[in-house]
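Inside the fold
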Amino acid sequence: AVGVLGDDEFVPRVARALSRETDFSAKVALLGALRDLGGAAAGAVLRRFIASDGAEPWAPVVVPAWLATTAPATPVGLLLSLGPAGASVYRQARKLERIDIEPDWQPADGPPASGAAAAVALKLVAIDAAGQAERLEPVGELLPLLASPVPAVRGRAAHALGRITNRGIGTRWQDPAVGAAWRQRQIRRWQHWIDSHRGQPRDVWLASGFVAAGYRVPRIHQKHLWELVRAVASRDHLSFNAQRVLMRLTDHRPPSVRGSNREACRYWLRWLDKRRKLFRLDRPPTKLRRGCS
């Protein structure tokens, strides 16, 4: 509830609670609150949590099955369903249209026991939260995780980095057949991208990522709305960031769009097409209609 209804002034309180809390489910909810509160302070707390040594060593730990996928199915569902009042809080939040992720995924085997497995699981939750917080602070701590011996950690770190930086590099981070040499080459590519944008506002990172992927979005501005809609049908990090930018530029937070990125693309195409005069848009380009379909 604090994450949905509060603002960044709550971050220090949530951070203190996170440092003292011992219950796994409560820690998961606190990480979710940090993600939703956002801002530089929340980004810094997530960075420190990811950098903490509580989950080492990685290699001997068996990652719970419900956290072992490359991309979290629905992190908000996880973060809220673990608490006894999760469903009620979610319903209230949806009335405010502040959350845009479906709540119907739940871990099959519940939270892990305390100890190393719980520490790894919490670090994976923190990585997911960083990927959705839209902050650059955790980037430096996520990059080394691409060399982790645990495939789930590599995959989740790459997924979070893609969403934060709007750049996807490499697609086989969880493949056990891929050797360390390949991973080091991709990490160097990541490092080059990060170094070349260091010190720039995140909107510059976003625009650079869209341009690198072939979308004509040289800067984040309403005149590029149609091209942003076209990007919604693209890869995960591009679709995620395009939708977040569209929400910001139009001041419209739609209910969750179930299904594929193309369905989300069609939603935004219809919504903006009805409001072209408001946003001073021409008719949507033919290639946009084709891309959404």
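Note: the structure precedes this text.
Right, let's walk through the structure included here. Everything numeric here is computed off the predicted structure, so don't read it as measured data. (Residues numbered from 1 in each chain as written. Predicted model: local features only at pLDDT ≥ 70, side-chain atom pairs only at ≥ 80, totals over all residues. Heavy atoms only, no water.)

A few points about the packing of aromatic side chains
Note the threshold: Here a Phe, Tyr or Trp ring, Trp counted by its six-membered ring, pairs with any other such ring whose centre lies within 6.5 Å, and the pair is stacked when the planes are under 30 degrees apart, edge-to-face when over 60, and tilted otherwise. Counting from the N terminus, the helices are DSSP H or I runs at least four residues long and the strands are E runs at least two residues long. The buried label goes to any residue with under 20% of its type's maximum accessible area, the exposed label to any with over 50%, and the partly exposed label to all in between, with areas taken from a 1.4 Å probe on protein chains only. Put simply, a charge is over a ring when the Lys NZ or the Arg CZ is close to the ring centre, within 6 Å, and near the line of the ring normal, within 35 degrees.
Applying the stated criterion across every chain, the model contains four aromatic pairs. Pairing Trp268 with Trp271 gives two aromatic rings, centres 5.9 Å apart and planes at 75°, and the pair type is edge-to-face. A residue pair is termed a helical-turn pair when its members lie 3 or 4 positions apart in one helix, as Trp268 and Trp271 do in helix 14 (residues 261–273) at three residues. For the residue pair Trp268 and Trp271, the accessibility class agrees, reading buried in each case. Measuring from centroid to centroid gives 6.0 Å for Trp271 and Phe279, while their planes differ by 45°, and the two rings are tilted. The exposure class of Phe279 is buried, given its relative accessible area of 10%. Grouping aromatic residues by their ring pairs yields a cluster made of Tyr267, Trp268, Trp271 and Phe279. Positioned above the aromatic ring of Trp193 is the side chain of Arg167, whose terminal nitrogen or guanidinium carbon lies 4.9 Å from the ring centre.

Observations regarding the side chain of Arg154
Going by this rule: None of His or the chain ends enter the tally, which takes Lys and Arg as positive and Asp and Glu as negative. We count a salt bridge whenever a side-chain nitrogen from Lys or Arg sits within 4 Å of a carboxyl oxygen from Asp or Glu. Any pair of N or O atoms that falls within 3.5 Å is considered a polar contact. Within protein, one atom must be able to donate a hydrogen and the other to accept it, and sequence-neighbouring residues count only if both atoms are side-chain atoms. Contact definition: two residues touch when any of their heavy atoms are within 4.5 Å.
Considering the arrangement of structural elements, one finds Arg154 in helix 9 (residues 151–165). At 7.3 Å, Asp175 is the nearest oppositely charged side chain to Arg154, a buried residue that forms no salt bridge. Of the polar contacts made by the side chain of Arg154, one reaches the backbone oxygen of Ser148; its length is 2.8 Å. Setting aside its immediate chain neighbours within four residues, Arg154 contacts Leu145, Leu146, Ser148, Pro149, Trp173, Gln174, Asp175 and Arg183.

Things to note about helix 4 (residues 39–51)
Quick reminder of the rule: How far a helix is expected to stretch is found by multiplying one less than its residue total by 1.5 Å.
Between its first and last C-alpha atoms helix 4 spans 19 Å; for 13 residues at 1.5 Å apiece the expected length is 18 Å, and the two agree. The set of residues buried in helix 4 consists of Ala42, Gly43, Ala44, Val45, Leu46, Phe49 and Ile50. Structurally, helix 4 contributes buried residues whose contacts are with helix 2 (11–20), helix 3 (24–37), helix 7 (116–132) and helix 8 (139–142).

Some remarks on the packing of helix 7 against helix 9
In a pair of packed helices, the angle between the axes and the distance between the axes together describe the arrangement. Put simply, the test is: Fitting a line to C-alpha atoms yields each axis, with helices limited to the stretch in contact; the angle taken between N-to-C directions then spans 0 to 180 degrees. For this classification, under 35 degrees means roughly parallel, over 145 means roughly antiparallel, 65 to 115 means roughly perpendicular, and everything else is oblique. Two helices that cross are described as forming a left-handed crossing if the nearer one is turned anticlockwise from the farther one by less than a right angle, and a right-handed crossing if clockwise. Note on residue classes: Ala, Val, Leu, Ile, Met, Phe, Trp, Tyr, Cys and Pro are nonpolar, Asp, Glu, Lys and Arg are charged, and everything else, Gly too, is polar.
The N-to-C vectors of helix 7 and helix 9 enclose an angle of 15°; their axes lie 7 Å apart at closest approach. In terms of orientation, helix 7 and helix 9 fall into the roughly parallel class. Crossing of helix 7 over helix 9 shows left-handed handedness. Where helix 7 abuts helix 9, its residues Leu124, Ile127, Asp128, Ala130, Gly131 and Gln132 lie against Ala152, Val153, Arg156, Ala157, Ala160, Arg163 and Ile164. By residue class, the composition of the contact of helix 7 with helix 9 is eight nonpolar, two polar and three charged.

A short note on the nonpolar core
Selection rule: Throughout, nonpolar core names a set of buried Ala, Val, Leu, Ile, Met, Phe, Trp, Tyr and Cys residues whose side chains join them through atoms within 4.5 Å.
With 49 residues, the main nonpolar core has Leu31, Leu34, Leu142 and Leu146 as its most contacted residues. Setting aside residues up to four positions removed in sequence, Leu142 forms contacts with Ile50, Ile127, Ala157, Ala160, Leu161 and Ile164. Among the nonpolar cores identified, the runner-up in size contains 29 residues, and Val232, Leu246, Tyr267 and Leu272 belong to it.

Honestly, that's just the spatial picture; any functional story needs more than this.
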